[in-house]
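Spelled out from the first residue to the last, the chains are:
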Amino acid sequence: TYVPDDNFEAYLEANGMGDGIALNDSVLTANINIVTNLYIPPGNIADLTGIEDFTALTELHCNWNQLTSLDLSNTTALTVLWCYENQLTSLDVSGATALEDLYCCDNQLTSLDVSNNTALKDLDCNDNPLTSLDVSANTALTFLRCWRNQLTSLDVSNNTDLEYLVCHSNQLTSLDVSQNLVQSWLDCRSNQLTSLDVSNNTALEWLVCHSNQLTSLDVSNNTALTELSCHSNQLTSLDVRNGNNTNFSLFDASINPNLTCISVDDPAFSAANWIDIDPWTSFDTNCATAL
């Protein structure tokens, strides 16, 4: 098998996967096509040519290297791929149909095709310059982290098993989570959202939606909610009457210049415990009637 990268070849030789001849740009195929787990240490490997003959590979870790492209279209048994903190501009996982965990964050990917990876459960692609991300085929997805990209839209309507979504620091103007009924964690801060409907997300425990352009927010259906951060919006209406206010460990509704009243279960409790509000904001059991 042809292995042109000297550092990759040296690693394979040092770990019993070579042909015994240093720096001859090749290793014995019979030594690598039976390998199931490959943990490449951080270093200066820039080319993983030769990986295509690791046909039995189920787990690959190649983080903190200098890779600019990675073709895993031939590794059909692969279930785990960690390739974060490289310089990847191209990643081909089209043949890795068994892939369940993909960590490709901190690269330079402008596109990512996971349409063939229908077994995917955990996708971490944050800190890339992605402008689009299609996860409609990934119906088994439970964890999605795509923060600090350049996404203008994100469709998670097919991802009904999704429990954990972190999509902050993008350019999203809308986000529909109405089909994500088992979702417990949502972090969509630092986007351009003008509305957010979480009425169907009754399993939601953690909601961070600050630094958007929300004008109203109703979490009265979210009885499992314990943490809410909705500061730095344009809220005029906030309803937190979910029967669970005493269990909140985090509440921040500050920097909402037009929010004068917050509907809560117990105004006295909220006034005594929730200090992260603006001086002009008060609590009431029903702000609509209070006005």
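Quick note: structure is the one above.
Quick notes on the rules
- Residues numbered from 1 in each chain as written.
- Predicted model: local features only at pLDDT ≥ 70, side-chain atom pairs only at ≥ 80, totals over all residues.
- Heavy atoms only, no water.
- Helix = DSSP H or I, 4+ residues; strand = E, 2+ residues; numbered from the N terminus.
- Rg over C-alpha atoms; globule rule 2.2 N^0.38 Å.
- Contact = heavy atoms within 4.5 Å.
- Areas by Shrake-Rupley, 256 points an atom, 1.4 Å probe, with all protein chains shown as cover.
- Lys, Arg positive; Asp, Glu negative; His and termini not counted.
- Charge placed at Lys NZ, Arg CZ, Asp CG, Glu CD.
- Phe/Tyr/Trp six-rings, centres within 6.5 Å; stacked < 30°, edge-to-face > 60°.
- Buried < 20%, exposed > 50% of the residue type's maximum accessible area, 1.4 Å probe, protein only.
- Patch = residues over 30% accessible without salt bridge, like charges linked within 9 Å, V, L, I, M, F, W, Y side chains within 5 Å.
- Salt bridge = Lys/Arg side-chain N within 4 Å of Asp/Glu carboxyl O.
- Core = buried A, V, L, I, M, F, W, Y, C linked by side-chain atoms within 4.5 Å.
- Pairing = 2+ DSSP bridges.
- Axes fitted to C-alpha atoms, helices over the stretch in contact; angles between N-to-C directions.

Student: Would you mind going over the overall build of the chain with me for this structure?
Tutor: Along its length, the chain carries four helices and 17 strands. Scaling as 2.2 N^0.38, a compact globule of 291 residues should have a C-alpha radius of gyration of about 19 Å, whereas the chain reaches 24 Å, well beyond that. Viewed in the frame of its principal axes, the chain has a C-alpha envelope of about 80 × 30 × 30 Å. Across the chain, contacts joining residues at least 24 apart in sequence account for 12% of those joining residues at least 6 apart. Here the chain displays about 12,100 Å² of accessible surface, and carbon together with sulfur accounts for 47% of that area. Positive and negative charge centroids in the chain, built from 5 and 37 side chains respectively, lie 10 Å apart.

Student: Please explain the packing of aromatic side chains as it appears in this structure.
Tutor: Aromatic ring pairs are described here by two measures, namely the spacing of the ring centres and the angle between the planes. A complete count under the given rule lists eleven aromatic pairs for this structure. Judged by centre distance (4.7 Å) and plane angle (50°), the ring pair of W82 and Y103 falls under tilted. Highlighted residues: W82 in strand β4 (residues 80-82) and Y103 in strand β6 (residues 101-103), separated in sequence by 21 residues. You can call W82 partly exposed: its relative accessible area is 27%. Grouping aromatic residues by their ring pairs yields a cluster made of F248, F251, F269, W274 and F283.

Student: It is not clear to me how a negative patch on the surface should be interpreted in this structure. Could you clarify?
Tutor: Negative charge collects at one region of the surface, where D113, D134, D155, D176, D197 and D218 lie side by side. Residue position: D113 is located in the loop between β6 and β7 (122-124).

Student: Can you help me understand unusual backbone geometry in this one?
Tutor: Among all residues save glycine, negative phi is the norm, and among peptide bonds the norm is trans. Even without glycine at this site, L23 takes up a positive phi of about 55°. Looking at where L23 falls in the secondary structure, it is placed in the loop between α1 (6-14) and α2 (29-32). What makes L23 exposed here is its relative accessible area of 57%. We note that R148 has phi near 50°; this positive angle belongs to a residue other than glycine. By secondary structure assignment, the location of R148 is in the loop between β8 (143-145) and β9 (164-166).

Student: Quick question: what am I supposed to make of the nonpolar core here?
Tutor: In this structure, L81 and F251 are the most contacted members of the largest nonpolar core, which totals 77 residues. Sorting elements by how many residues they give to this core places α1 first, with three residues. Filtering out sequence-adjacent residues up to four positions away, F251 remains in contact with L228, L238, V240, I262, W274, D276, I277 and F283.

Student: In this structure, what is going on with the pattern of salt bridges? I would like to understand it.
Tutor: Two side chains carrying opposite charge are able to pair once their charged atoms lie near each other. Within this structure, the stated rule accounts for five salt bridges. With a closest N to O distance of 2.5 Å, R145 and D122 form a salt bridge. With R145 in strand β8 and D122 in strand β7, the pair connects residues that are 23 residues apart, well separated along the chain. Each member of the pair, R145 together with D122, is buried. Between R148 and D127 there is a salt bridge, with its nearest N and O atoms 2.6 Å apart.

Student: Explanation requested: the sheet that holds strand β2 (residues 59-61) in the structure shown.
Tutor: In a beta sheet, neighbouring strands pair by backbone hydrogen bonds and run either parallel or antiparallel. Reading across the sheet, the eleven strands line up as β1-β2-β4-β6-β7-β8-β9-β10-β11-β13-β15 and stay open at both edges, with parallel pairing between neighbours. Each edge of the open sheet is held by one strand with a lone partner, namely β1 (37-39) and β15 (250-252). Ignoring which end each strand starts from, the neighbouring axes of this sheet average 5° apart. Alignment of β8 against β9, held across three bridges, turns out to be parallel.

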